[in-house]
Amino acid sequence: MIMILLTTVFIVMRVLPGNPVLLRFEKTADPALVAQYTHRLGLDRPLYLQYFDYLWGLLHGDLGISMAGAFEPVGPQIISRFPATLELTFYSFIVAVAVGILTGVFGARKGGTPDDAVKIYGILIYAFPVFFLGMILQLIFGIWFRLLPVGGRLDPGVNPTYLTIGSIPLQTGIYTLDSLLSGNIPMFIDTVRHLILPAVALGLVISGVFVRMTRTNMMETLRADFVTAARARGLKERTVVYSYALRNALLPIVTIMGLQFALLISGAILTETEFNLLGLGTYLVDRINFRDYTAVQGTVVFLAVLISSVSLIVDILYAYLDPRVRL
Amino acid sequence: MKKGNSSQQSVSLMGRVLSPLLGKGSGRFLMLIGIGLTVFIAVMSATAPYLSPHDPTQIGLGPSNSPPNAQYPLGTDQYGRDLLSRTIWGGRFILLVAVVAVLICMAIGLPIGLISAYNGGNVDRAIALIMDSIYAFPSLVLAIMIISVFGVTIINEALAIAVVYIPSYFRVVRSQVLAVKEMPYVDAAKSVGAGGFSVLLKYIWPNVTSSVVVVATVNFADSILTTAGLDFIGLGLPVTLPDWGIDLTYGRQSLPVGAWWTIFFSGLMILLAALGFSLISEGYAERTNPKLR
């Protein structure tokens, strides 16, 4: 999958018109200068050589140098942008799962009007554009009530700190983790304050899928014989629902988590733009405006690897949860 | 005789697609609301030139960031443009992109899914692998890439969205065909000499239609959201057009002064447009899949 995407991106970005070198300069630029830059980026070499060079670099973890700006290597740029995205998607995912599963179980258990409300919520929230929800939250909590900041990751006055063991810096770039490891409580509080609105906006939008899946699975599971048997043995309703039924209802939900991750990344691009977070999404949008092939390619490769790893983890998790899959 | 047969078949096919509208149940209710919303937005967009009180692109028509009032019922944006006119006009291009995208998706995804699954073999497996790769990749990232490469035009935006959603059709059609093609009645048709094409069209396709309706309506909702997202990050339509997504980008700049009307109505329209199609899809799925009732 990674190879297919990579090759397609490479070919499509190269074959089509639009020269990154020319985009750097005016149309009237000195041809010698243009040639020099073209040569420096290796764009004057045959396409297949560029391709194999790129693959060779990739095997060594080298994503090439950026074609716009100061020719910085792409890899470190992506690494420096990734923590913001990771932090946002992680907390959004927690919000989505918590809201989705709780409301889904609630609807399936109650039936009737509460269930209809849950169903409507699932449909409505799925149709919500994440940036619009983000704006509404910003307006209410950031501008009208002035409770929470509307953008960025930290207030300008707060300096991020991180843990250093001996002389080895343990800088993750994940501010909630860094601040806790280094014992910087004000930074932790500030980070959380900045995270609440974007994570809730993205998490709620993603929760729609979880609500629907949990609700339908739970309804089917609650009708299953083993649930009736558990009830007949006089187990508490809470035990029946949460220990017996939910565990079985969750199985199909685990399998869609991998696909949810792609949805989460798409949403993260819009959320990062809306909340001015310097993550991978805003990086991608910035770079595309410069026709920075290597940066776009690098980001796509990075995301492809990430998604493959997530689906692998999901498969392992599934095997752990469902004994029938174990060998 | 033959003619009568085929028209009877098409009637029953139409009937099959439309039957969920008849009878009772919450699914039908959802569908009717969805259809109502969709028709409302479609009619509003189609008749925008007659409905809108002002030119949606005229700068300095009213005061800057004026709240809703008698003269400008939905207020004005930071450039003094009339937001009611912009809201009425704003769906035309989003919906156009969505319609074109869905048509392209269907035109490509359905035949590939049908033929690939019916023939099976390595080609089918290879296509399925490619489609799964696209499917698992964040749709917005793909759409952004395609647009940035081909340039920002309405057709390219539709193409980008089409490419992103082709796998949804392919996957649904393929799984249905795989389930149906081993059925005894298909074997029976083959054994009395029906060719591959007529087996596909007469015996397999009718089993796929109701899933296609569900996928297409979900696809419409997703296309609307993706188009609006692309417009919002500035990689969609030209910013000079009146458009809900672009209005949100403009309105965002007026948020710090609390001008909620600059984002609220265009955002609401995107929501309603996507919601209309989601409701149709949800209701239809509920009506055709008794398990969900």
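In this numbering scheme, every chain counts its residues from 1 along its sequence in written order. Here the convention is simple: chains get letters from A, ligands get numbers from 1, in the order in which they are written. Two thresholds apply to this predicted model, a pLDDT of at least 70 for residue-level local features and 80 or more for giving and counting side-chain atom pairs, whereas whole-chain, interface and lining totals are computed over all residues.

**Description of the overall build of chain B**
Turning to step 1, where the next piece is worked out: Regarding its fold elements, chain B presents 12 helices and zero strands.
Turning to step 2, where the next piece is worked out: Scored against the burial criterion, the 293 residues of chain B give a buried share of 46%.
Turning to step 3, where the next piece is worked out: Working definition of a contact: two residues with C-beta atoms, positioned from the backbone, lying within 7 Å. Taking contacts inside chain B between residues at least 6 apart in sequence as the whole, the part at least 24 apart equals 69%. By definition, any uninterrupted DSSP run of H or I lasting at least four residues is a helix, any uninterrupted run of E lasting at least two residues is a strand, and each is numbered from the N terminus. Residues with at least 20 other C-beta atoms within 10 Å of their own are called buried, those with 12 or fewer are called exposed, and the rest are partly exposed. The C-beta atoms themselves are positioned from the backbone.

**Brief notes about the overall build of chain A**
Turning to step 1, where the next piece is worked out: Helix and strand counts for chain A come out as 13 helices and two strands.
Turning to step 2, where the next piece is worked out: The long-range fraction of contacts in chain A, counting pairs at least 24 apart against all pairs at least 6 apart in sequence, stands at 69%.

**Observations concerning the interface of chain B and chain A**
Bring the parts together and some accessible area is lost; that lost area is often taken as the interface size.
Turning to step 1, where the next piece is worked out: The interface is formed by 35 residues belonging to chain B together with 37 residues belonging to chain A.
Turning to step 2, where the next piece is worked out: Looking at the side of chain B that touches chain A, the elements with two or more residues in it are α6 (121-136), α7 (139-150), α10 (196-232), α11 (244-254) and α12 (261-288) of chain B.
Turning to step 3, where the next piece is worked out: A per-element tally of the side of chain B that touches chain A places α12(B) first, with nine residues.
Turning to step 4, where the next piece is worked out: Gly counts as polar in this scheme, as do all residues outside two lists: the nonpolar Ala, Val, Leu, Ile, Met, Phe, Trp, Tyr, Cys and Pro, and the charged Asp, Glu, Lys and Arg. Split into classes, the residues belonging to the side of chain B that touches chain A amount to 26 nonpolar, seven polar and two charged.

**Regarding the nonpolar core**
Turning to step 1, where the next piece is worked out: We define a nonpolar core as a collection of buried residues of the types Ala, Val, Leu, Ile, Met, Phe, Trp, Tyr and Cys that are connected via C-beta atoms lying within 7 Å of each other. Formed by 149 residues in total, the largest nonpolar core has its most connected members in V141(B), I144(B), V173(B), I224(B) and A274(B).
Turning to step 2, where the next piece is worked out: Per-element tally for this core: the top contributor is helix α9 (residues 185-222) of chain A, with 16 residues.
Turning to step 3, where the next piece is worked out: Each domain's extent is set by a domain assignment, obtained either automatically or from a database. Residues lining this core come from more than one domain, with at least three contributed by each of domain 1 (25-89 + 244-293) and domain 2 (91-241) of chain B.
Turning to step 4, where the next piece is worked out: Not counting the four nearest positions on each side in its chain, V173(B) is found in contact with L110(B), G113(B), L114(B), A117(B), V208(B) and V212(B).

**Describing the domain arrangement of chain B**
Residues and elements named next belong to chain B.
Turning to step 1, where the next piece is worked out: Taken as a whole, chain B is organised into domain 1 (25-89 + 244-293) and domain 2 (91-241).
Turning to step 2, where the next piece is worked out: Each of domain 1 and domain 2 has a C-alpha centre, and the two are 27 Å apart.
Turning to step 3, where the next piece is worked out: Listed as interface residues are 23 residues of domain 1 and, on the opposing side, 23 residues of domain 2.
Turning to step 4, where the next piece is worked out: Going through the elements one at a time, α2 (26-46), α11 and α12 are the ones with two or more residues in the side of domain 1 that touches domain 2.
Turning to step 5, where the next piece is worked out: Tallying contributions element by element places α12 first for the side of domain 1 that touches domain 2, with 11 residues.
Turning to step 6, where the next piece is worked out: Considering only residue class, the side of domain 1 that touches domain 2 consists of 16 nonpolar, seven polar and no charged.

**Quick look at helix α12 (residues 280-289) of chain A**
Turning to step 1, where the next piece is worked out: Burial runs high along α12(A): eight of the 10 residues are buried.
Turning to step 2, where the next piece is worked out: Looking only at α12(A), the buried set comprises L280(A), G281(A), T282(A), Y283(A), L284(A), V285(A), R287(A) and I288(A).
Turning to step 3, where the next piece is worked out: Looking at the buried residues of α12(A), the elements they touch are α5 (74-110), α11 (237-274) and α13 (293-321) of chain A together with α7 of chain B.
Turning to step 4, where the next piece is worked out: Once α12(A) finishes, R291(A) follows within two positions and takes phi at roughly 50 degrees, a positive value.

**With respect to the environment of L235(B)**
Residue and element names in this part refer to chain B.
Turning to step 1, where the next piece is worked out: Looking at the element boundaries, L235 is found in the loop between α10 and α11.
Turning to step 2, where the next piece is worked out: Judged by the 21 C-beta atoms lying within 10 Å of it, L235 falls in the buried class.
Turning to step 3, where the next piece is worked out: The spacing of L235 and L51 is 184 residues in sequence and 29 Å in space, taken between C-alpha atoms.
Turning to step 4, where the next piece is worked out: L235 has contacts with I144, I147, S148, V152 and L230, leaving out every residue within four places of it along the chain.

**What to know about unusual backbone geometry**
Turning to step 1, where the next piece is worked out: One non-glycine residue, N276(A), lies in positive phi territory at about 50 degrees.
Turning to step 2, where the next piece is worked out: Relative to the elements of secondary structure, N276(A) occurs in the loop between α11 and α12.
Turning to step 3, where the next piece is worked out: In this model, N65(B) sits at a positive phi of 50 degrees, which is unusual for a non-glycine residue.
Turning to step 4, where the next piece is worked out: Looking at the element boundaries, N65(B) is found in the loop between α3 (48-51) and α4 (83-89).
Turning to step 5, where the next piece is worked out: On the neighbour-count criterion, N65(B) (19 C-beta atoms within 10 Å) is partly exposed.

**Notes on helix α7 (residues 130-144) of chain A**
Note on helix geometry: an α-helix contains 3.6 residues per turn, so any two residues three or four positions apart are oriented the same way.
Turning to step 1, where the next piece is worked out: Expected span of a helix: the number of residues minus one, times 1.5 Å. With 15 residues, α7(A) should cover 21 Å at 1.5 Å per step; its first-to-last C-alpha distance of 20 Å lies within 8% of that length.
Turning to step 2, where the next piece is worked out: At Q138(A), α7(A) shows its largest kink, close to 30 degrees.
Turning to step 3, where the next piece is worked out: Listing the buried residues of α7(A) in full gives V130(A), F131(A), F132(A), L133(A), G134(A), M135(A), L137(A) and Q138(A).
Turning to step 4, where the next piece is worked out: Among the structural elements, α9 and α11 of chain A together with α10, α11 and α12 of chain B are those in contact with the buried residues of α7(A).
Turning to step 5, where the next piece is worked out: Immediately downstream of α7(A), the backbone of R146(A) shows phi near 50 degrees, a positive value. Fitting axes to the seven residues ending at a residue and to the seven starting there, one defines the bend at that residue as the angle between these axes.

**Some thoughts on the packing of α11(A) against α12(A)**
Residues and elements named next belong to chain A.
Turning to step 1, where the next piece is worked out: Lines are fitted to the C-alpha atoms to define the axes, a helix being fitted only along its stretch in contact, and any angle between axes, read from their N-to-C directions, falls within 0 to 180 degrees. Relative orientation of the contacting elements α11 and α12 amounts to 85 degrees, with a least axis distance of 7 Å. Relative to α12, the element α11 is oriented roughly perpendicular. Between α11 and α12, the contacting residues are A268, I269, E272 and T273 on the first element and G281, T282, L284 and V285 on the second.
Turning to step 2, where the next piece is worked out: Looking at side-chain class alone, the contact of α11 with α12 contains four nonpolar, three polar and one charged residues. Roughly parallel here means an angle under 35 degrees, roughly antiparallel means over 145, roughly perpendicular means 65 to 115, and every remaining angle is called oblique.

**Here we look at the packing of α5(A) against α9(A)**
Residues and elements named next belong to chain A.
Turning to step 1, where the next piece is worked out: In the contact formed by α5 and α9, the axes pass within 5 Å of each other and the chain directions differ by 35 degrees. Our pair here, α5 against α9, has a crossing hand that is right-handed.
Turning to step 2, where the next piece is worked out: For the contact of α5 with α9, the per-class residue count stands at 21 nonpolar, eight polar and two charged. Crossing chirality is assigned from the near helix's rotation relative to the far helix, an anticlockwise turn below a right angle marking it left-handed and a clockwise turn marking it right-handed.

**Thoughts on the confidence of the model for chain B**
Residues and elements named next belong to chain B.
Turning to step 1, where the next piece is worked out: Each residue gets a pLDDT score, which is the predictor's confidence in that residue and runs from 0 to 100. Mean pLDDT over chain B stands at 85; residues scoring 70 or higher make up 90%.
Turning to step 2, where the next piece is worked out: For residues 1-10, every residue scores under 50 in pLDDT, and the model assigns this stretch zero contacts once sequence neighbours within four places are set aside.
Turning to step 3, where the next piece is worked out: Overall fold confidence for the complex sits at a pTM of 0.87, while the interface term, ipTM, reaches 0.87.

**Looking at the environment of G258(A)**
Turning to step 1, where the next piece is worked out: With respect to the helices, strands and loops of the structure, G258(A) is situated in helix α11.
Turning to step 2, where the next piece is worked out: In contact with G258(A), not counting residues within four places along its chain, are V310(A), S311(A) and V314(A).

**Focus on the confidence of the model for chain A**
Turning to step 1, where the next piece is worked out: Residues of chain A with pLDDT of at least 70 account for 84%, and the chain-wide mean is 82.
Turning to step 2, where the next piece is worked out: Element-level mean pLDDT values for chain A span from 56 in helix α2 (residues 20-24) of chain A up to 93 in α7(A).

**Some remarks on the environment of I108(B)**
Turning to step 1, where the next piece is worked out: If you trace the backbone, I108(B) turns up in helix α5 (residues 91-119).
Turning to step 2, where the next piece is worked out: Along the primary structure I108(B) and P167(B) are separated by 59 residues, whereas in three dimensions their C-alpha atoms are 9.7 Å apart.

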